[in-house]
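What the coordinates show
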Amino acid sequence: MTRILGHNYIGGQRSAQGSLLLKSLDATTGEPLPGVFSQATEAEVDAAGNAAAAAFPAYRNLPAEQRAAFLEAIADELDALGDDFVATVCRETALPSGRIQGERARTSGQMRLFAHVLRRGDFYGARIDRALPERQPLARPDLRQYRIGVGPVAVFGASNFPLAFSTAGGDTASALAAGCPVVFKAHSGHMATAEAVADAILRAAARCGMPDGVFNMVYGGGVGEWLVKHPAIQAVGFTGSLKGGTALGRMAAERTQPIPVFAEMSSINPVILLPEALQARGATLARELAASVTLGCGQFCTNPGLIIGMRSAAFADFIELFQAQMAEQAAQTMLNHGTLASYRSGLEHLHSHPGVTHLAGATQGDRQAQPQLFKADVSVLLSGDPLLQEEVFGPATVLIEVEDQGQLAAAIRALRGQLTATLIGESEELASAGWLSELLQEKVGRVLLNGYPTGVEVCDAMVHGGPYPATSDARGTSVGSLAIERFLRPVCLQNYPDELLPPALQDANPLGVMRLVNGEQSRAAIVR
């Protein structure tokens, strides 16, 4: 990596007007890392928003092929970052190098996925209803609809995915694909990482002749409100806490012109263990679930935080096995001191509740998180107590035992919205558990059978979203190609001559995209 400059990125230039300087910390030792970062002033945030607004008309009107080439250039630049970059990310986050290398591949893969989406052309959503001049009693005009970018998007970096959900992560990739310039708020936990990735994005922008201001980045705590309230910003992408996402949503709603906030916030991702599966493979499930709960120190938004089973000898045996597995899990370093403090606070709430029993887990060390297992009475969930609804971000989970199918159904109905839910069962019992799948589909964005929720594939079919409080808007996803739709809006063009129409709507269909023409799907040209 080159020397860290630590200045904000505004309209293709670097800026450091503020007097407050920030340091990035080694996640393992807490020691400051080389380099200082200049917290953005209100004037700099304003300039970044204005730069994005100035870039928007030119950028959104670029042919999709040019935007696709830009995204692929970003992917190439990310892949070219060397071992010193990986080492820096590891120091800032305490995540192992193998994880970072895999996450980098996922991040560049996301860029290439959206490049493919742009070339495929379905994001246009092209619809054409041809004129019916002879229709009685009223003629129908020629009507043509397609989708365009909403405008500049503010993106907030996530703590737990320094690459895939941060500077060049899924929100940035989908916004850029939609034709929307980005103003990115760097996460304070990995500012050096953010700088290296931002430099990669700007190198790609220069190679591809993108307008200045297509990507901007600011540092610092407290700058988010200025960013969300900036009149140029037309949407927000956020991954983080329920408190943070709710605050951003409130700010956006109180603007003179309210804007949407697409926030991924809180999920406990219930896992339901059916009786025959426990009978057949309880020991395997105990081992695999313990590995899923503690994977990456439990710092995944899909971490299984609630495990439900029906009272039986098999479930009792599973609890004993699972308790032993969790007791053997090693302590791990968390992303930063703030994350560790939040984890400890969540554990204290569980320890102090009369309806919760601690089953496994050593006392917390000074700098590392110890995996923990609790068991809660089902009445805690059924009573509406918020304790079991609140995510404990880290390597901890809670067991609940229910009496029968009726109480299981009641427990599921008591849950708030989630990103995922998992059903583990044998073939015959899954075939007769359709009612469970129906209940869960009302609560979550992704239902898994005989798998574990940690791990989110980047593809066309993936949904990484869900009803509140998992996300602020259950109609979207932050992973997969459908994520682009958050940053698009439909526009209808009436009675336009063919030469003034965008290519996606022209009679000849020069892009060759699939279109809905007079109610029928077609790639064919329109013959007048």
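Now for a quick tour of the structure. Given the structure is predicted, the values throughout are model-derived calculations rather than measurements.

By the definition in use, this model includes 21 salt bridges. Among the salt bridges present, the one from Arg486 reaches Asp171, with a minimum N-O distance of 2.9 Å. Here Asp171 lies in helix 5 (residues 170-178) and Arg486 lies in the loop between strand 20 (444-449) and strand 21 (488-494), a separation of 315 residues in the sequence. We note that Arg486, like Asp171, is buried. One salt bridge in this structure joins Glu401 and Arg311, with 2.8 Å as the shortest N-O distance. Pair noted here: Glu401 is in strand 18 (residues 396-402) and Arg311 is in the loop between strand 13 (306-310) and helix 10 (313-328), with a separation of 90 residues, a long-range link.

A few words now on the packing of aromatic side chains. Evaluation of the coordinates by the stated rule reveals 9 aromatic pairs. Aromatic side chains Phe161 and Phe300 sit 5.7 Å apart centroid to centroid with 70° between the ring planes, which places their arrangement in the edge-to-face category. One end of the pair, Phe161, is in the loop between strand 7 (153-156) and helix 5; the other, Phe300, is in the loop between helix 9 (275-294) and strand 13, and 139 residues separate them in sequence. Like Phe161, the residue Phe300 is buried in the burial classification. Chaining the aromatic ring pairs together yields one cluster made of Phe161, Phe165 and Phe300. Seen from the ring of Tyr59, Arg67 lies directly overhead, with NZ or CZ sitting 5.9 Å from the centre. Positioned above the aromatic ring of Phe161 is the side chain of Arg99, whose terminal nitrogen or guanidinium carbon lies 4.6 Å from the ring centre.

Glancing now at the packing of helix 3 (residues 83-93) against helix 6 (residues 191-208). Running from N to C, helix 3 and helix 6 cross one another at 150°; their axes reach a closest spacing of 8 Å. Between helix 3 and helix 6, the angle is such that the two are roughly antiparallel. Helix 6 is crossed by helix 3, and the crossing has left-handed handedness. On helix 6, the residues touching Phe85, Thr88, Val89 and Glu92 of helix 3 are Met191, Ala192, Thr193, Ala196 and Val197. When the residues that make up the contact of helix 3 with helix 6 are grouped by side-chain class, the tally is 6 nonpolar, 2 polar and 1 charged.

Across the interface, helix 9 lies against helix 10 with an axial gap of 9 Å and an inter-helix angle of 30°. The hand of the helix 9/helix 10 crossing is right-handed. For the pair helix 9 and helix 10, the contacting residues are Leu278, Gln279, Gly282, Ala283, Leu285, Ala286, Arg287, Leu289, Ala290, Val293 and Thr294 in the first and Ala314, Phe315, Phe318, Leu321, Phe322, Gln325 and Met326 in the second. Here the contact of helix 9 with helix 10 is built from residues that sort into 13 nonpolar, 4 polar and 1 charged.

A few words now on the sheet that holds strand 18. With respect to topology, 7 strands assemble into an open sheet ordered 15-17-18-13-12-19-20, the strand pairing being mixed. Bordering the open sheet on either side are strand 15 (356-360) and strand 20, each of which pairs with just one other strand. Each strand axis lies, on average, 25° off the axis of its neighbour in the sheet, ignoring direction. Strands in contact with helix 11 (residues 337-352) are strand 15, strand 17 (372-376) and strand 18; relative to strand 17, the strand with the most contacts, it is inclined by about 35°.

Parameters at a glance
- Residues numbered from 1 in each chain as written.
- Predicted model: local features only at pLDDT ≥ 70, side-chain atom pairs only at ≥ 80, totals over all residues.
- Heavy atoms only, no water.
- Salt bridge = Lys/Arg side-chain N within 4 Å of Asp/Glu carboxyl O.
- Helix = DSSP H or I, 4+ residues; strand = E, 2+ residues; numbered from the N terminus.
- Buried < 20%, exposed > 50% of the residue type's maximum accessible area, 1.4 Å probe, protein only.
- Phe/Tyr/Trp six-rings, centres within 6.5 Å; stacked < 30°, edge-to-face > 60°.
- Lys NZ or Arg CZ within 6 Å of the ring centre and 35° of its normal.
- Axes fitted to C-alpha atoms, helices over the stretch in contact; angles between N-to-C directions.
- Parallel < 35°, antiparallel > 145°, perpendicular 65-115°, else oblique.
- Left-handed = near helix turned anticlockwise from the far one by under 90°.
- Contact = heavy atoms within 4.5 Å.
- Nonpolar A, V, L, I, M, F, W, Y, C, P; charged D, E, K, R; others polar.
- Pairing = 2+ DSSP bridges.

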